[in-house]
Amino acid sequence: MHQAAPRTPKYLADYALPDHLIEEVELDFKLDPTATRVAAKLRLRPNPKVAPGGRPLVLHGENLTLLSLALDRKPLEAEDYDLRETTLTIPEVPGRPFTLDIVTVCNPEANAALSGLYRSSGTYCTQCEPEGFRRITYFIDRPDALAVYTVRIEADRDEAPVLLSNGNPMEQADVPGTNRHYAVWHDPFPKPSYLFALVGGNLASVSDSFTTASGRKVALNIYVEPGKQDCCDWAMKSVKRSMRWDEERFGREYDLDVFNIVAVSDFNMGAMENKGLNVFNDKLILARPDTASDADYASIDGVIAHEYFHNWTGDRVTCRDWFQLCLKEGLTVFRDQEYTSDTRTGPVNRIASVRMLKTHQFPEDAGPLAHPVRPASFIEINNFYTATVYEKGAELCRMLQTLLGREGFRKALDLYFERHDGEAVTVEDFVEAMADVSGRDLSQFMRWYTQSGTPELACSLDYDPHTKTAHLRVSQVVAPTPDQNKKEPMHIPLKLGLLGANGDDLPLVLEDGTALEDGLLEVTEREHVFTFRDIPSPPTPSLLRDFSAPVRLTTSLDADQIEFLMMHDSDPFNRWQAAQTYATNLLTAAAQPDGDAASGKEAVRLAKALGTTASEEALHPAYRAEFLKLPSESDIARELARDVDPDAVWQAGETLRATVGRTARPTLTDLYTSLAPSGPFSPDPEEAGRRALRNAALDLLVATGDASEIERAFTHYREASNMTDAITALSILSHLDAPHRDEALQHFYTRWENEPLVLDKWFAVQARAARNDSVETVQALLSHPKFSLKNPNRVRAVIASFAQANPTGFNRADGGGYDFLASAALEIDRFNPHLAARLLGAFESWRILEPKRQASAQATLQRLATQELSTDSYEIVNKTLGRA
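Owing to the predicted nature of the structure, the values given are computational and were not obtained by experimental measurement.

Caption draft 1: Representation of the overall build of the protein chain. The helix and strand inventory of the protein chain stands at 27 helices and 31 strands. Oriented by its inertia axes, the alpha-carbon framework of the protein chain measures out at about 90 × 70 × 60 Å. Scored against the burial criterion, the 884 residues of the protein chain give a buried share of 59%. Sequence separation of 24 or more characterises 71% of the internal contacts of the protein chain that already satisfy a separation of 6 or more. Entry remark: accessible area of the protein chain is about 33800 Å², with carbon and sulfur atoms responsible for 49%. In the protein chain, which carries 93 positive and 128 negative side-chain charges, the distance between the mean positions of the two groups comes to 1 Å.

Next up, the structure:
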């Protein structure tokens, strides 16, 4: 079990500088599947910023066998140190620089937690963030302990012909008289232990090069399992595109001679930004038109960019402690979002980012797991790789760019890098650079980092025809959260426009004559009234344009005004949001007890408006496709916020989809026919957008339930020339009770049973299908010969897809979905606590359910709380119950 670690919270307020600093690290690995020997030489010195005195040296370590220990080359005996399960303490060390030699043994083959050094399909690899390095050797394993690393790796040449680590290659040769060989790597840039990486295995590579803005040539390599080289072309293009974009947009140039990526099949995360040696889940590298969907191509591009951008926001400048995680992750998510907007379709990317924020982060803020972007405490840091830290953290950077302007934000970021290159820093250091460049007082803005919860903005507009003025009343409230009862007003950038009767934007001039060229207001008090002059007639307000702040917005707009915005708003995000708001109002009403079905005249009105927008050829096809995607079940549950009946929510959605499909059928049919593929596959935004629009039309056509449309979907599957079309059709069919469903599923399995990443899609499609037998389906999938609890991708495909993307199945009235998740997570928790805790996060919104389901979910959580849980799962279960 993983119960040994203390379960007392760690607090930001308790941060203290390390007593000792590690300046240089020399590591010598002799790789062996079950007994890898690690010899570490650490050059340490007392921290001059800490009061002098005889302070003991405390090193972290887990699951290690200590073979020897020497201080300044003098061997230490057992009585000279204190060895415990998670620490190694040397009570007496010199008050001057000294060296420590440590020799340990670890077992990569037995490391099912996938943290530290482990094996994936025979390949040695590491994952050290956040605290995996302590599973490799005894160390000051914290992010503010930066050192320069030199690494020697030795292995059997047949088993591991490729040996990689951080930095630049220095030497490689055979070990005389053996079948072993070695390689030496040196990283000249100081880094924390969480950025250490090692890979050794039988790998094939795809190579290229990139010439930086200053003329340096960088060798690029992507390492994959032999035979997968033909799936790396898109990934390599993404690497080069990211490198060029970061130079042009943020002036950040790559700094090593080589940039290596390794794709592995067993990985707890998506990817890891280890300096110069990024390790990726192979699903975020490998792509061919017949095996990867457009969503896969977009994810590969975005995640490669994200990990590469970490070279500066995370590697060169890192976080002082894990409470500052948002400093690297939120900022880098913002950077990858900007990259995607610049290189693909900006409005569509913004919609996708906000949809993810609302789906994952808003419920987190509203539930028992709420925490600030920079948490004040945690029990297990693995549990804080959350949507709040990542997605909301990115929104904070976006707000700063909105307040400072794009040029001002770039200058501030330049100052941040100039001041802190090679340092481990805090959120205050980042915001201080923003304040110093802009000359603004950002002390109130800091509340975004320290207060949890989603602010609510209530806005109403009054028009005075006599004075030709419009009065916008804005109030803000931040509701109490489990971790914080009292909230202070936030600094909220509110972008807006006022639309005239013809749909054009009116000039925005405040009462004092100030012209708002960018339409930006700053809300800093609990109540504001903004008065606009020279308004010729009652305007329609377009509020929170481009989703300028991560808030919940309520307005007094009626259905006519919302429809007007849906047809005329010049802000692409708000035009889409108007359609979502109109549909959400229908669906929330329909999902209430005795609510009217979402099939009346208002639903028909919406359908006609959606059809009109979907036919506007001046709009990008991907943007038009977003209009045809109605609010999800989680969207409606979030708006209802109490007494949610998932079955009623699902039924309301299906009824509205059928109404839209029937009403707009001629338009949808025309779109489906006219957008048929006519050339070779391309993942570029235009072609991907055409596929997205055609598939969105197909989905609504099938929602009518008409037999001919179901036949159309089956034909679409059979004739698909790419994975995007095939998996879309399979997903549509998977929800149906029709012979074509089973036929398509069997055909897909037969074709792809030996392609693990594609087979994950087959598992996931079934786990997400909203059917009465969905619990029995996922239970059967766990017994499938191709399923393994030890493979995170397969677990996510089945268990996570069911718990997070199948609300009616997971929340089945008999509690079967809750029991299924609890049982599976408990078994996984015995060997991979990180993954188990992630799965258990699906219970976070149990309190908004109707009483029967609420009681069932609570009972399941209470049963889990009595079990012997890892620290990871213990924290999630008890916080979800309101106990921690």
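Caption draft 2: Highlighting the packing of helix α3 (residues 325-343) against helix α4 (residues 346-366). At a closest axis distance of 7 Å, the pairing of α3 and α4 adopts a crossing angle of 145°. The interaxial crossing formed by α3 with α4 has right-handed handedness. Residues Gln337, Thr340 and Ser341 of α3 form the contact with α4, whose own contacting residues are Gly346, Asn349 and Ser353. Residue composition of the contact of α3 with α4, by class: no nonpolar, six polar and no charged.

Caption draft 3: Just the sheet that holds strand β16 (residues 198-201), in detail. The sheet built from four strands is open, its strands ordered β10-β11-β16-β13 with antiparallel pairing. A single partner strand is all that each edge strand has here, and the edge strands are β10 (116-120) and β13 (162-165). On average, each strand axis in the sheet is tilted by 20° relative to the strand beside it, whichever way the strands run. Pairing of β10 with strand β11 (residues 123-127) involves five bridges; the strand directions are antiparallel. Across the sheet, residue Arg119 finds its bridge partner in β11, namely Tyr124.

Caption draft 4: Up close: the sheet that holds strand β20 (residues 271-272). A sheet is described by the order of its strands in space; here five strands give the open sequence β17-β18-β19-β21-β20, paired in mixed fashion. Two strands bound the open sheet, and with one partner strand each, they are β17 (204-211) and β20. Here strand β18 (residues 217-224) pairs with strand β19 (residues 258-264) via five bridges, running parallel. Note that in β19 the partner of Tyr223 across the bridge is Val262. Contacts between helix α1 (residues 233-250) and the sheet are confined to β17, β18 and β19, with β17 contributing the most and set at about 25° to the helix.

Caption draft 5: Quick peek at the nonpolar core. Ile285, Phe430, Tyr449, Phe532 and Ile799 are the most contacted members of the largest nonpolar core, which has 284 residues in total. If sequence neighbours within four positions are ignored, Ile799 has contacts with Leu782, Phe787, Leu789, Phe820, Leu821, Ala824, Ile828 and Leu839.

Caption draft 6: A look at helix α11 (residues 601-614). The terminal C-alpha atoms of α11 lie 20 Å apart, and with 14 residues this matches the ideal 20 Å at 1.5 Å per residue to within 8%. Among the residues making up α11, those that are buried are Ala603, Leu606, Ala607, Ala609, Leu610, Gly611, Thr613 and Ala614.

Caption draft 7: Quick peek at the environment of Phe323. Considering the arrangement of structural elements, one finds Phe323 in the loop between β22 (318-319) and α3. Phe323 sits in the buried class, given a relative accessible area of 7%. In this structure the C-alpha to C-alpha distance between Phe323 and Asp596, which are 273 residues apart in sequence, comes to 47 Å. Apart from residues lying up to four places away in sequence, Phe323 is in contact with Lys10, Tyr11, Leu12, Arg374, Pro375, Ala376, Ser377 and Phe378.

Caption draft 8: Layout of the pattern of salt bridges. Counted under the stated rule, the structure contains 79 salt bridges. When the shortest N-O distance is used, the salt bridge between Asp233 and Lys237 registers 3.2 Å. Here Asp233 pairs with Lys237, and both are found in helix α1, just four residues apart, close to one helical turn. Asp233 sits in the partly exposed class, given a relative accessible area of 47%. Between Arg406 and Asp342 there is a salt bridge; the shortest N-O distance is 3.7 Å. Taken together, the positions of Arg406 in helix α6 (residues 406-420) and Asp342 in helix α3 put the pair 64 residues apart, joining distant regions of the chain. Residues participating in the shared-partner salt-bridge network are Asp28, Lys30, Arg152, Glu154 and Arg180.

Caption draft 9: Structural view of the packing of aromatic side chains. Inspection of the entire model under this criterion finds 35 aromatic pairs. Centroid distance Tyr416 to Phe417: 5.7 Å. Interplanar angle 50°. Geometry classified as tilted. You can call Tyr416 buried: its relative accessible area is 1%. Measuring from ring centre to ring centre gives 5.8 Å for Tyr818 and Phe843, while their planes differ by 45°; the resulting arrangement is tilted. Residue Tyr818 is located in helix α24 (residues 816-829), and its partner Phe843 is located in the loop between α25 (833-840) and α26 (851-865); the two are separated by 25 residues in the primary sequence. Lying over the aromatic face of Phe189, Lys275 brings its terminal NZ or CZ to 4.6 Å of the ring centre. Above the plane of the ring of Phe831 lies Lys790, whose end atom (NZ or CZ) is 5.0 Å from the centre.

Caption draft 10: Structural context of the packing of helix α18 (residues 723-734) against helix α20 (residues 756-768). At a closest axis distance of 10 Å, the pairing of α18 and α20 adopts a crossing angle of 20°. Judged by the angle between their axes, α18 and α20 are roughly parallel. Read as a crossing pair, α18 and α20 show a hand that is right-handed. Across the interface between the two elements, Met723, Ile727, Leu730, Ser731 and Ser734 of α18 pack against Val758, Lys761 and Val765 of α20. Considering only residue class, the contact of α18 with α20 consists of five nonpolar, two polar and one charged.

Caption draft 11: The arrangement of the side chain of His20 in detail. Tracing the sequence through the fold places His20 in strand β2 (residues 20-30). With relative accessibility at 5%, the residue His20 sits in the buried group.

Caption draft 12: Just the pairing of strand β3 (residues 36-46), in detail. Pairing of β2 with β3, which is carried by 10 bridges, proceeds in the antiparallel orientation. When the bridges of β3 are listed, Glu26 appears paired with Lys41. Adjacent in sequence and paired antiparallel, β2 and β3 are bridged by five residues. Pairing geometry for β3 and strand β9 (residues 98-106), over nine bridges, is antiparallel. Considered in β9, the bridge of Ala39 is made with Val103.

Caption draft 13: Region of the structure containing α3. Spanning 19 residues, α3 covers 27 Å between terminal C-alpha atoms, matching the ideal 27 Å at 1.5 Å per step. Of all 19 residues in α3, 17 are buried; the element is thus mostly enclosed.

Caption draft 14: Structural view of a negative patch on the surface. Residues Glu77, Glu79, Asp80 and Glu92 make up a contiguous surface patch of negative charge. The topology assignment puts Glu92 in the loop between β8 (87-90) and β9.

Caption draft 15: Region of interest: unusual backbone geometry. Following Glu129, the chain continues to Pro130 via a peptide bond in cis, the omega torsion being 0°. Relative to the helices and strands, Pro130 resides in the loop between β11 and β12 (147-156). With a phi angle near 55°, Asn63 is a residue other than glycine that sits in the positive phi range. Tracing the chain through its elements places Asn63 in the loop between β4 (57-60) and β5 (65-71). Here Asn63 falls in the exposed class, since its relative accessible area comes to 58%.

Caption draft 16: Representation of the side chain of His834 in the model. Relative to the assigned elements, His834 resides in helix α25. Classification of His834 by relative accessible area gives buried; the value is 10%. A polar contact of 3.5 Å, which involves the side chain of His834, links it to the side chain of Asn382.

So, how was this worked out
Residues numbered from 1 in each chain as written. Predicted model: local features only at pLDDT ≥ 70, side-chain atom pairs only at ≥ 80, totals over all residues. Heavy atoms only, no water. Helix = DSSP H or I, 4+ residues; strand = E, 2+ residues; numbered from the N terminus. Buried < 20%, exposed > 50% of the residue type's maximum accessible area, 1.4 Å probe, protein only. Contact = heavy atoms within 4.5 Å. Areas by Shrake-Rupley, 256 points an atom, 1.4 Å probe, with all protein chains shown as cover. Lys, Arg positive; Asp, Glu negative; His and termini not counted. Charge placed at Lys NZ, Arg CZ, Asp CG, Glu CD. Axes fitted to C-alpha atoms, helices over the stretch in contact; angles between N-to-C directions. Left-handed = near helix turned anticlockwise from the far one by under 90°. Nonpolar A, V, L, I, M, F, W, Y, C, P; charged D, E, K, R; others polar. Pairing = 2+ DSSP bridges. Core = buried A, V, L, I, M, F, W, Y, C linked by side-chain atoms within 4.5 Å. Expected span 1.5 Å × (residues − 1). Salt bridge = Lys/Arg side-chain N within 4 Å of Asp/Glu carboxyl O. Phe/Tyr/Trp six-rings, centres within 6.5 Å; stacked < 30°, edge-to-face > 60°. Lys NZ or Arg CZ within 6 Å of the ring centre and 35° of its normal. Parallel < 35°, antiparallel > 145°, perpendicular 65-115°, else oblique. Patch = residues over 30% accessible without salt bridge, like charges linked within 9 Å, V, L, I, M, F, W, Y side chains within 5 Å. Polar contact = N/O pair within 3.5 Å; in protein donor to acceptor, adjacent residues only side chain to side chain.

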